[in-house]
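This is what each chain is made of:
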Number of protein chains: 2
Amino acid sequence: MTQPVDDLITGLRSRLGSRQVLDSPEVLAVRSLDMSPLPLLQQVLGREAVPPLCVVRPRSTDEVSAALAYLVGRGVPVIPYGGGSGVQGGSAPVPGSVIVDTWAMDRILGLDEEDLTVTVQAGVPLATLEAWLGERGYTCGHYPQSIDLAQVGGLVATRSSGQFSTRYGSIEDLVAGLEAVLADGTVVRVASQPRRAVGPDLRQLWIGSEGAFGIVTEVTLKVVPRPPDRWLQAYAVGSMRVGLDLVRRVMREGWKPAVVRLHDATEAQRSFHGSVAEGECILLLLSEGPVGYAQAEGTAVDTMARAAGLRPLGPAPVEAWLEHRNDVAEYEAYIRRGVIIDTIEVAAPWTGIADIYEQAIGRLVDEVPEMVYASGHSSHSYPQGTNLYFVLAAQPRRDADDAARVYEAIWSRVMETTLALGGTISHHHGVGRFRARWVPRDLGTSYELLRRVKTALDPLGLMNPGSLLPVDPAPGETDH
Amino acid sequence: MTQPVDDLITGLRSRLGSRQVLDSPEVLAVRSLDMSPLPLLQQVLGREAVPPLCVVRPRSTDEVSAALAYLVGRGVPVIPYGGGSGVQGGSAPVPGSVIVDTWAMDRILGLDEEDLTVTVQAGVPLATLEAWLGERGYTCGHYPQSIDLAQVGGLVATRSSGQFSTRYGSIEDLVAGLEAVLADGTVVRVASQPRRAVGPDLRQLWIGSEGAFGIVTEVTLKVVPRPPDRWLQAYAVGSMRVGLDLVRRVMREGWKPAVVRLHDATEAQRSFHGSVAEGECILLLLSEGPVGYAQAEGTAVDTMARAAGLRPLGPAPVEAWLEHRNDVAEYEAYIRRGVIIDTIEVAAPWTGIADIYEQAIGRLVDEVPEMVYASGHSSHSYPQGTNLYFVLAAQPRRDADDAARVYEAIWSRVMETTLALGGTISHHHGVGRFRARWVPRDLGTSYELLRRVKTALDPLGLMNPGSLLPVDPAPGETDH
């Protein structure tokens, strides 16, 4: 900060228009939080989050460019903010920072029905886009739980995966082209091509960039005609190991059911009570695609499941999940009552995954006395491995410091167990500020690549500082 | 060059061992060329290629690191060299340069049958790897025409696609992990994970890097069990437009036949004589996958093809193509007789592809009097578009300058037509030196990202100079 806040706001208003710079206490309060559970809980417990100096709301790529050139030129840290659905603190202001949000960049720019792409400004909410596409017979096939809040630009920047990713891919498979603005205001645009061999895929630099290089301003996504055919089936499974092994073999064969969810016995009792016996896990399968595909895939995986001893439960549990899959009201209610409720997703090759599940849950239950609930499921599978999604609740004493202590006890155990057993610290929630300190260990020697790219694109380190790359990695943390 | 060649060779030998540094005239002559047609033809016509100062042949990542640190530290340009199957001049020495080849890094390091990955040193030839995997019941599903020459590291660095890419993906879909050495000798390693949301996918920086950032030293590739089931069918097609439209609709539905090749009437007569009538194009389809998949896909696409008026020809033309697909002896025979014979592959969204095909062929035939043959096919399709692969022959006067002039006349017409109609200049042969001058226009404003990454990873510009990034882009060439 090299000048008073009033001067900064005046300068921004003269460049973007006065209505594009917000500084009311209400707006600053809303923009001081995303959906990260710990700060939300700490707010309930009386600790206020750090507000930004102001919120800039550009309407166009040119206005993003003007805002970044102005702010970075004055040494002001910039925090990009999309739908605010992040759960890793990636959009939380740091002291003396300005939020640039994408809420006024909400135009759907065009659907190309021959090339199967849709182009949008970064601030279009995914739910809005999906509704618009649905009226025209299309979908992106991307359905993260955050769909009602998340915006397209944020989904790209945080490296999102959707609930149907096994068929449609994650966001890196769905981005056909994009435009972004670097820290210094330089606009870069990667045009959509079916494939190009003209150097590395430069779109990839932005997918998972988490605001650390600049701001994604426009995205061209692939679309598909809404699939005409669907097949559903649920199964009772004796154990997570049996279920994981079946999922591995389904992936190995080359099948790609859109939904493959294996919930542990704890979750089976909580969410599918009555469908399975105590101690049984539940597997949900959903295939969809062109006429002839879903039935062929369903028949094949059903045969494999029965041969592995799974007990078919019919489609009802899958239908129930489809109906309630995005309900998070319960989480918010717990937080209001002072409970830490959080989700942690990791991924690992098949060889390590069952051990990570068992050891992470085991350590939480054995070593964290405040734990009141710990469960997990696998929901995104690949021929090379799968993810684990832990759902965790703990009851700290009713103050913000104790909440942070218990939160740390939970996170460090899951992160350390995952790294020790060969997994990666994040499957699709990204890194933000909460996971940043484990990034050098996760990336090993390739962290040096990330560091050099960061310096090349944001030499002053003002874009979302402390998110994705830790501010000051401890010596030795990159050795592995 | 800051010291005599003898000192340089002595320095390299002291670091890597004397047998890892080659300087015999025979070796230097072999390493002064790759498979690029123009220099091969010019050699036939009496012009010798530029040789390297010497050839360094490291056996390990550490030796690559030592060689790069030594050479770059002394300001010597380094040209990475794999199997030598490139056709864009990307491995051709520049004056005063040293070749670092990967021929002594030829170990298969391990197959993981549970995680479905195989790890190899960069210099393992793909054909060797595929034979080794085949004995164990696996394949990478990657079959470029260069399979008998190309090495795994080079396939990554040049952004390769294989003949079955519609099912298995191109190399960017097949790399699970990798290791590389930066210009200054820094070793970076990206461990294989099924998926991670820990910043951008850093593997992608190396896929298409073309030696401009450093050298890929180790690759972990995904493997699949050899598919048990296959379906083949060929069709006569009235025109390229009809055929392209059918292929577009097959992709749109979500089907992914491993092979989808639409050859124009010229190629149909040359390679499938007797199967189709004069003026007819030919479509080859091959589906493979788990039991139940290939038949379901085959039935669906066969129904679409017949409804579009295509005439089924049975499987024989597909079988003939499978048998002869990698024969390039004819090309070499033409070059020995002083004929320019070359292939150019581009890609474009569906909306532009038929116009590019017609206009590129039309301009070559109308405007280049030396043309003796011009044909094309589409062989890699996507929901968003497809590639075109032109096969071209011309008869220059019998001197090297005239060969270069005719070559330029051909290439500039295909490149300019493709760019003007919204396509990309390369689908899977990469850029090398011959296409580098069109890269800034192809990438548009995103060229700035490539330039910044290059500077971050190779600040002195000594890694494969002039390949991928043009040495001196003309002003205005990045404006689009």
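Note that this is a predicted model, so its numbers are computed, not measured. (Residues numbered from 1 in each chain as written. Chains lettered and ligands numbered in written order. Predicted model: local features only at pLDDT ≥ 70, side-chain atom pairs only at ≥ 80, totals over all residues. Heavy atoms only, no water.)

Engineer: An account of the pairing of strand 19 (residues 385-394) of chain B is requested, with residue identities and associated values reported.
Structural biologist: All names here are of chain B. Extensive coverage of strand 19 is indicated by the burial of 10 of its 10 residues. Of the two faces of strand 19, the one lined by Gly385, Asn387, Tyr389, Val391 and Ala393 and the one lined by Thr386, Leu388, Phe390, Leu392 and Ala394 are each fully buried. Bridge analysis of strand 16 (residues 340-349) against strand 19 gives 10 bridges, and the strand direction is antiparallel. Bridging from a neighbouring strand, Ile344 pairs with Phe390 of strand 19. Sheet analysis places strand 18 (residues 381-382) next to strand 19, joined by two bridges and oriented antiparallel. Among the inter-strand pairings, Ser381 is bridged to a residue of strand 19, identified as Thr386. Counting the residues that bridge the hairpin from strand 18 to strand 19 gives two residues. (Buried < 20%, exposed > 50% of the residue type's maximum accessible area, 1.4 Å probe, protein only. Helix = DSSP H or I, 4+ residues; strand = E, 2+ residues; numbered from the N terminus. Pairing = 2+ DSSP bridges.)

Engineer: With reference to specific residues and values, describe the packing of helix 9 (residues 240-253) of chain A against helix 11 (residues 293-307) of chain A.
Structural biologist: Residue and element names in this part refer to chain A. One can describe the packing of helix 9 onto helix 11 by two numbers: an axis separation of 10 Å at closest approach and a directional angle of 145 degrees. Read as a crossing pair, helix 9 and helix 11 show a hand that is right-handed. On the side of helix 9, the interface is formed by Leu246, Arg249, Val250 and Glu253, while helix 11 contributes Val301, Met304 and Ala305. Across the contact of helix 9 with helix 11, the residue classes tally to five nonpolar, no polar and two charged. (Axes fitted to C-alpha atoms, helices over the stretch in contact; angles between N-to-C directions. Left-handed = near helix turned anticlockwise from the far one by under 90°. Contact = heavy atoms within 4.5 Å. Nonpolar A, V, L, I, M, F, W, Y, C, P; charged D, E, K, R; others polar.)

Engineer: Give a description of the environment of Asp23 of chain A that names residues and reports values.
Structural biologist: Residues and elements named next belong to chain A. Residue placement: Asp23 occurs in the loop between strand 1 (21-22) and helix 2 (25-30). On the basis of relative accessibility, which here comes to 35%, the residue Asp23 falls in the partly exposed class. Between the alpha carbons of Asp23 and Leu53 there is a distance of 7.4 Å; along the sequence they are 30 residues apart. Setting aside chain neighbours within four positions, we find Asp23 in contact with Ile9, Arg13, Leu28 and Cys54.

Engineer: Help me get a handle on the domain arrangement of chain A, residues and values and all.
Structural biologist: All names here are of chain A. Assigned domains within chain A: domain 1 (5-101), domain 2 (108-225), domain 3 (230-253 + 260-322), domain 4 (329-433) and domain 5 (435-480). Centre-to-centre separation of domain 2 and domain 3, based on C-alpha positions: 30 Å. Opposite the five residues of domain 2 that make contact, domain 3 presents 11 residues. When domain 2 packs against domain 3, the two sides together hide about 550 Å² of surface, and 59% of this comes from carbon and sulfur. For the domain 2 face of the interface with domain 3, the top three residues by lost area are Phe164, Thr166 and Arg167, together amounting to 75%. Joining domain 2 to domain 3, the criterion identifies zero salt bridges. The interface formed by domain 2 and domain 3 contains two residue pairs in polar contact (both at pLDDT 80 or more). For the side of domain 2 that touches domain 3, a count of residues per class yields two nonpolar, two polar and one charged. (Domains from an automatic or database assignment. Buried area = accessible area lost by both parts, 1.4 Å probe. Salt bridge = Lys/Arg side-chain N within 4 Å of Asp/Glu carboxyl O. Polar contact = N/O pair within 3.5 Å; in protein donor to acceptor, adjacent residues only side chain to side chain.)

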